[in-house]
Structure formats: structure tokens, C-alpha cells
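Given next are the chains, with one letter for each unit.
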Amino acid sequence: MADFVNRSVEEFGCTGPVTRNFFLEEQYACRSSFFGGDAQLSSAVGYVIVLAFGLSFGFATVGLVFIERKVLNRPMNSEFFNTAGRSVKTGLTASVLVSQWTWAATLLQSSNVAFKYGVSGPFWYASGATLQIIIFALLAVQVKRRAPTAHTFLEIIQARWGTLAHTVFLFFAFATNIIVTSMLILGGSAVVNALTGVETNLASFLIPLGVILYTIAGGLKATFVASYFNTAVILIALCIFVFQVYVTDNTLGSPSAVYDRLQATSVIQPVVDNKGGSYLTMFSKNGLLFGLSNICGNFGTVFVDQSYWQSAIAATPQAAWKGYILGGLSWFAIPFTLATSLGLASIALSLPITLDESNSGLVPPAVATHLMGNGGSVLILIMLFMAVTSTGAAEQIAVSSLVAYDVYAPLMRRMGKPVTGASVVLVSRIAIVAFGLLTGVLGIALNAIGVSLGWVYLGMGVIIGSAVAPVAFAISWSKCSGTGAIAGAIGGLALAIASWLGYASSFEGGINIANTGRDEVMVVGNLVAILSSAAICVVVSLIKPDNTDWLSTKSIALLDVDVNAELTPEAEAEIDNAMKQITAWGVGLALILVVAWPLLTLPAGVFSKGYFTFWVILSIVWGLMATLSMVLLPVWESRATILAILSGGYITPSMPSAKTMDDPVDESDGASSRVDEE
């Protein structure tokens, strides 16, 4: 930020440091921070929401899944526990994706980048993280065609390339789950502490408890049911905050009022490296750098996160691609719409939010508290709790599947011992409890080190980005070899860390948290990770190619009967058609969101009031459409099941004709090569 004179110092006769308050609000006179260590709510409220509400929500979710199983006579075997019967429809698939992809960082950091860069921040957060979901839809369809019986993406790697490659990518998979979970706990505990005064380390342990309850009891289906309610609450709360900022608030209440205040703030405290120092422009150097880091880093947290593969496996073939497209577009509204309201409102209101508070994700809680008092604090806390628990549940079930199918099962087979569905469910449940408790330790460790939510968010791509291309090629490129995949992953990681730390060391102070967290340093590390890995993998694979026929991936063993795991020739024809559609949709939407849209905003330069009003209206409409589709579509698609539950089984849904394990599988080609033979 450029140097400026804060008039509130003279106006109120302040003697100490003062943060913002450019519009001379008495309630913020001489304030050096918004929260200042004083909690808006009592600690009792924090315990009620985090513990009592969490456990109650857990019991309710378990109850719904139990009733569904009893009424529809669905067994809780290993296949249902880890894949939800591979029968999830489009609406619920989309809702689950929105819930899984809505991290604490989505709610908190999107407003942080709006606070720092203006209108470009929410856009680059949203577009830079929607792109991966839309592109992943291509892989989701390929899983249905080339590995219909898989439970994890590492099983696909094991089947294609053998044990060595499997072990290498197991490291990246666990690293991804640990990093994502760490961000959940960092953001969640920081907000709980700021709003209620509950001690940060204690909050880190309390948050996962309710999640453990319903995940351990109901498996993947329970997390999907919970995710629907989480998504609904988050989107409804989003609409409330949007209308508070742009319709009902006495100080703001319209795009015009917000625009005038943003313009005035740009004069008082211009944004460095933004065109005209304005918050109202897409010409933002640091906003663009953030966007690049966001795009690269989030490829890793989608493509290398088992939870997204698990959602693809659980969906029906048609829902696999439709759900990902709908989910991606609906998720776009959360960071874009929320940060365009709360993030920009923090600047327009000139709240005394410090940079440390912003980096810790406290912009939305500050604005919510200012707009709605205690009610706003409670609503943002519930909204955050929904985000943390939904993604936390997805990460727990993902880790449990990796432990069961990629650690326990291979070890048992190597020792010559049988692996049963019952034993896999038991191991999965033990892993859920162990990882759930470990998340508290992760949060405490990161708080002790002193890294912020923003630092972890931008730095994740450096660590896991090198696994993106090899993992994607595992299911999409027949000539990609195990040697190329391993070389790309390990070589890309080494080059990324070297370039990241090397560039950070060139700044004053050398290698430290501040320098390694600089936007330009993070961009270099993220880009090197994903690009060098892809280049190495492609070159090595062209020199020493594989020539898989996908027979090995189609032959991944089931432990229990699942009639939806095998594909009929008719279903394969549908998937071929889906591939054509998703390729057109995926490429088209990716180009629109990441290339066409930002380019079309450049002629506007610094937004006029009319252009900004259009921008705000677009964000509001997008948010409303996302809310309606995510709340209503899953209910409509599941109306027969809901009716069966409400009628106590008297009215049962018509079931499609079941496929048997004897249905044919395309076996047109030969076996694939491996890095090492077992």
C-alpha cells in the first residue's frame, strides 16, 4: 500500500496506531484492529455451535442414512461404505462437489484477496478454482469407462504401473489430504477464536468430532447427505449477506454507494500495482499473480485428492460429467458472489481490519459482525462450520479409503492373508477416527509455527503440483509410462522446491515465511511444479512408452457385490457420447472463465459506476441461481426415495434392472506394462 494520511488520527485525537476508518465512524475511533483480542460472542456460543450443534448434526445425518438403509434394504458393505453404491445422481453429485470444494479458505481467503486487490481478487479466486472441477469432469467420465470397479485413483496407478509408482503417489495423496485438512483447521479455529474466544488449540480438536461421528457410522453416503445440507446452509447464508450489503444496509445498501466509497478509498489509500490505484479494475498485477498461483495450486488439490475421485466413482455414468459441470458452475458463485459483497464491503466500510487479521481469514467475520451484530457473527460461524465439516468429512472418508484399499489391502495380500469387505469397513472406520484426531494436532502445529491460512493456500501447489500431470495421464493417456510418471512427480517436486526457495532467498531476509509467501515467489514455485512435471513425464514416456489396453484397470477387484460397478455395452456407448459432450463443455467453459472473461473486462479499465453495477448484479444472479439449483435439484431427483422414507417403505421407488457380475466387460486388448513386476 502507498503512504497516506489517515484523517481519523487527527479527527479523534488518536495517539497510537490507527487502522483505516477513513470515513470517521465513531465506533472505530482510534482502533488499531477490528477484533483486538475481544470476542464478539461468548465462549458458550462457540461451544454450542462447534460441539453441541456438530454432534446433533452428526446424529441427525446418521439417522437419515440408517432409515434409508432400513426402508430400502441397502446393506452396509464395503462397496456401499466407500462408494455409496455408485448410484449418486446429478443434483447430489453437484451439491457434494460444491460442499467438498467449499473450504474454510473459500469463504475466508476469497474476501481476503478482495480486501487486498479489489474486484479482481474474487474473480481470480472463483475462476482459478472452478477450472479444475470442470476439467476433472473429463477424468470422471474416463474412470467410469476405464476403471469402473476402482475405489481409489491409486488402485488405477497400481494396476497400470505397479508398486513403486503406487508408493510414490501414495505420498502425494496423503500430502494433499493433510494440507487440505490443515487449511480447514487453521481457518476454522481462527474464526472460532476471534468470534467466541474459544482457545484456538481447543477449537482445533472440537471441530472434527461431529464429522467423525457421521462419517464413521454412515460412510460415504452419510458424508453426501451431510454435504447437501451443508451446501444449502452455505448458499442461503450467502444470499442473506449479499442482500445485506447491496440492498438493506443503511450505510451501503446499493452498488452505487459501494462504488462511491471504493473510489474514495482508492484516493486515500491506492492499491499498489492496480491501474490508477483503484479497487475497481481487473488491471491488477498482484491479482493476476494470485490467479496464476490459484490455478496451479488447485489443480493439485483436485486431481491428487482422493475425495474428488471418490465422488466420480460414486456417481452414475451420466451424473459423473453433468454433476461436475453443474457443481463447478454453482461453486463459482460462492467465492465470486460472497467476496464481491463481504470482501468489497470491508473496503467500502473502511473497517479497521489489519493485514494479519485479513491473512488469517477474518474479513468475512468482521463485515458480518458490523452489518448484523451478534446475528451476523453467529451466521458466519455456522456458515464456516458447515464448510469445515463438509470438506473435513470428505477428507476423512478419502483418507480412510486410501488406508483401507492402498495400505491395508496390499499388505494383507503380500502376507498371503485374505481381505474381506468387513475387514475393509473396520479398517476404514479406524482410519477415520485416527485421522480426525490427527487434524487437531495439525492445526496446533501450524499455529505454533506461525504460518497463515493464506500462506498454506498458496504454497500447497509447490508440494503437490508435480503429481497433477502423471495422475491425470494414468487414466487418460495410454502411452504414459510408470517411469515417466515417477520421474515427472519426483523431478517436478525437486525443481519446484529449489526454484521456490531459491527465488525467496533473493529477497532481503533470505528464506523465511514472509519471503516464501510473496505472490511472485509462490507463482514461480507453483508454475515450475506443474509445468516441469508435465514436461518430464511426457518426454520420458515418449522415449519409453507404455501401451496399455486398460484391461488391468478394468480388472480391479471388488470385495463385495456391487451391481452398478460393471458396465453394459449400452452404458459404455452412453459414456462415449458423454465424453464428446464434456470435451466440448469443458474446453468451452474453461476458455470463457479463464481467458475470454478477463480479456473482455480490460477495455473497461477502471470500472464505471454502470459497469460495476452490472458486475454486482451478475454476481447476485449467479448466487441466486446456484442456490436454487443446489437446494432444489437434489430433492427433486431423490423424490422417490424421500417419499419411500416418509411413507415408512409403503411406497417404494422403482429400481432399474440390476446388472450382474456376469455382464460383459470389453477385453479387446492386451495387458499393460509396469514399472516393476510383483
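Quick caveat: nothing in here was measured; it's all calculated off a predicted structure.

Description of the overall build of the chain
For step 1, the next point in the chain: The secondary structure content of the chain amounts to 27 helices and 0 strands.
For step 2, the next point in the chain: A buried classification covers 60% of the 678 residues belonging to the chain.
For step 3, the next point in the chain: A fraction of 84% describes how many contacts in the chain between residues 6 or more apart in sequence connect residues 24 or more apart.
For step 4, the next point in the chain: For the chain, the accessible area works out to roughly 23,700 Å², and carbon and sulfur atoms hold 66% of it.

Some points on the packing of aromatic side chains
For step 1, the next point in the chain: Tallied over the full model, the rule gives 31 aromatic pairs.
For step 2, the next point in the chain: Between Tyr-28 and Phe-34, the ring centres sit 5.7 Å apart and the planes meet at 40°, which makes this aromatic pair tilted.
For step 3, the next point in the chain: Of the residues examined, Tyr-28 reaches a relative accessible area of 4% and is grouped as buried.
For step 4, the next point in the chain: On the basis of relative accessibility, which here comes to 7%, the residue Phe-34 falls in the buried class.
For step 5, the next point in the chain: Ring geometry for Phe-123 against Trp-615: centres 6.4 Å apart, planes inclined by 55°, an arrangement best described as tilted. A residue pair is termed long-range when its members are at least 10 positions apart, and Phe-123 in helix α6 (residues 120-146) and Trp-615 in helix α26 (residues 609-637) qualify at 492 residues.
For step 6, the next point in the chain: By relative accessible area, Phe-123 is classed as buried at 0%.
For step 7, the next point in the chain: Take Trp-615: its relative accessible area is 1%, and that puts it in the buried class.
For step 8, the next point in the chain: Taken together, Phe-123, Trp-124, Phe-332, Phe-336, Trp-597, Phe-607, Tyr-611, Phe-614, Trp-615 and Trp-622 form an aromatic cluster joined through their ring pairs.
For step 9, the next point in the chain: A cation over an aromatic ring shows up here: Lys-275 above the ring of Phe-283, its NZ or CZ 4.8 Å from the ring centre.
For step 10, the next point in the chain: Here Arg-518 stacks its cationic end above the ring of Phe-507, 4.0 Å away from the centre of that ring.

Concerning the state of the cysteines
As used here, a disulfide is simply a covalent bond connecting the sulfur atoms of two cysteines.
For step 1, the next point in the chain: This model, assessed by the stated rule, comprises 1 disulfide.
For step 2, the next point in the chain: Summary of cysteine pairing: Cys-480 is not part of a disulfide, and the nearest cysteine sulfur, belonging to Cys-537, is at 3.5 Å.
For step 3, the next point in the chain: Residue classification places Cys-537 among the buried positions, given a relative accessible area of 0%.

Notes on the confidence of the model for the chain
Any segment with low pLDDT has predicted coordinates that should not be analysed in fine detail.
For step 1, the next point in the chain: Considering every residue of the chain, the mean pLDDT works out to 84; 86% of them sit at 70 or more.
For step 2, the next point in the chain: When mean pLDDT is compared element by element in the chain, helix α21 (residues 482-505) scores highest at 95, while helix α3 (residues 78-83) scores lowest at 58.
For step 3, the next point in the chain: pLDDT under 50 marks residues 655-678. Its contacts with residues more than four places away, or in other chains, come to 49 contacts.

A look at α21
For step 1, the next point in the chain: Between its terminal C-alpha atoms α21 stretches 34 Å, which fits the 34 Å expected from 24 residues at 1.5 Å a residue.
For step 2, the next point in the chain: If you check which residues of α21 are buried, you get Gly-482, Gly-484, Ala-485, Ile-486, Gly-488, Ala-489, Gly-492, Leu-493, Ala-496, Ser-499, Trp-500 and Ala-504.

Some words on the packing of helix α20 (residues 468-476) against helix α23 (residues 519-543)
For step 1, the next point in the chain: Where α20 contacts α23, the two axes come as close as 7 Å, and the packing angle between them is 45°. Regarding the angle of α20 to α23, the classification is oblique. Across from Val-468, Ala-469, Pro-470 and Phe-473 in α20, the residues of α23 making contact are Ile-530, Ser-533, Ala-534, Cys-537 and Val-538.
For step 2, the next point in the chain: By residue class, the composition of the contact of α20 with α23 is 8 nonpolar, 1 polar and no charged.

Concerning the pattern of salt bridges
For step 1, the next point in the chain: Here the structure, examined in full by the defined rule, presents 3 salt bridges.
For step 2, the next point in the chain: One salt bridge connects Lys-609 with Asp-260, and the closest N-O pair in it is separated by 3.0 Å. Here the residue Lys-609 occupies a position in helix α26, and Asp-260 occupies one in helix α11 (residues 255-268), the gap between them amounting to 349 residues.
For step 3, the next point in the chain: Given a relative accessible area of 39%, Asp-260 falls into the partly exposed group.
For step 4, the next point in the chain: We note a salt bridge from Arg-518 to Glu-520, for which the minimum N-O separation is 3.2 Å.

With respect to the nonpolar core
For step 1, the next point in the chain: Counting residues in hydrophobic clusters, the biggest one holds 168 residues, and the most contacted among them are Trp-103, Phe-169 and Phe-612.
For step 2, the next point in the chain: It is helix α8 (residues 163-196) that provides the largest number of residues to this core, a total of 16 residues.
For step 3, the next point in the chain: When sequence neighbours within four positions are dropped, the list of residues in contact with Phe-169 reads Leu-154, Ile-157, Ala-467, Pro-470, Val-471, Ala-485 and Ala-489.

Here we look at the packing of α11 against α26
For step 1, the next point in the chain: Interhelical geometry of α11 versus α26 gives an angle of 125° and a closest axis separation of 9 Å. Taken together, the axes of α11 and α26 are oblique relative to one another. Judged by the twist between their axes, the crossing of α11 over α26 is right-handed. Contact residues: α11 offers Pro-255, Ser-256, Val-258, Tyr-259, Asp-260 and Leu-262, while α26 offers Lys-609, Phe-612, Thr-613 and Val-616.

Examining helix α12 (residues 285-303)
Since there are 3.6 residues in each turn of an α-helix, residues three or four apart along the chain are aligned in direction.
For step 1, the next point in the chain: Taking 1.5 Å per residue as the helical rise, α12 with its 19 residues ought to reach 27 Å, and the 28 Å between its terminal C-alpha atoms agrees with that figure.
For step 2, the next point in the chain: In terms of residue burial, α12 counts as a mostly covered element, since 16 of its 19 residues are buried.

Points about the layout of surface pockets
For step 1, the next point in the chain: Considering only enclosed or pocket space, the second largest pocket measures out at about 970 Å³ in volume.
For step 2, the next point in the chain: Surrounding the second largest pocket, 34 residues form its lining, Lys-116, Tyr-117, Leu-355, Asn-359 and Asp-519 being those nearest its centre.
For step 3, the next point in the chain: Of all the elements in the fold, those that place two or more residues in the lining of the second largest pocket are α5 (104-117), α12, α15 (355-359), α19 (453-464), α22 (513-516) and α23.
For step 4, the next point in the chain: Here the element with the most residues in the lining of the second largest pocket is α5; it accounts for 6 residues.

Definitions and cut-offs
Residues numbered from 1 in each chain as written. Predicted model: local features only at pLDDT ≥ 70, side-chain atom pairs only at ≥ 80, totals over all residues. Heavy atoms only, no water. Helix = DSSP H or I, 4+ residues; strand = E, 2+ residues; numbered from the N terminus. Buried < 20%, exposed > 50% of the residue type's maximum accessible area, 1.4 Å probe, protein only. Contact = heavy atoms within 4.5 Å. Areas by Shrake-Rupley, 256 points an atom, 1.4 Å probe, with all protein chains shown as cover. Phe/Tyr/Trp six-rings, centres within 6.5 Å; stacked < 30°, edge-to-face > 60°. Lys NZ or Arg CZ within 6 Å of the ring centre and 35° of its normal. Disulfide = S-S within 2.5 Å. pLDDT = per-residue confidence, 0-100. Expected span 1.5 Å × (residues − 1). Axes fitted to C-alpha atoms, helices over the stretch in contact; angles between N-to-C directions. Parallel < 35°, antiparallel > 145°, perpendicular 65-115°, else oblique. Nonpolar A, V, L, I, M, F, W, Y, C, P; charged D, E, K, R; others polar. Salt bridge = Lys/Arg side-chain N within 4 Å of Asp/Glu carboxyl O. Core = buried A, V, L, I, M, F, W, Y, C linked by side-chain atoms within 4.5 Å. Left-handed = near helix turned anticlockwise from the far one by under 90°. 1 Å grid on protein atoms, 1.4 Å probe; cavity = no way out; pocket = protein on both sides within 12 Å on 5 of 7 lines; lining within 4 Å. Points joined across faces, edges and corners; volume = space filled by probe spheres on them.

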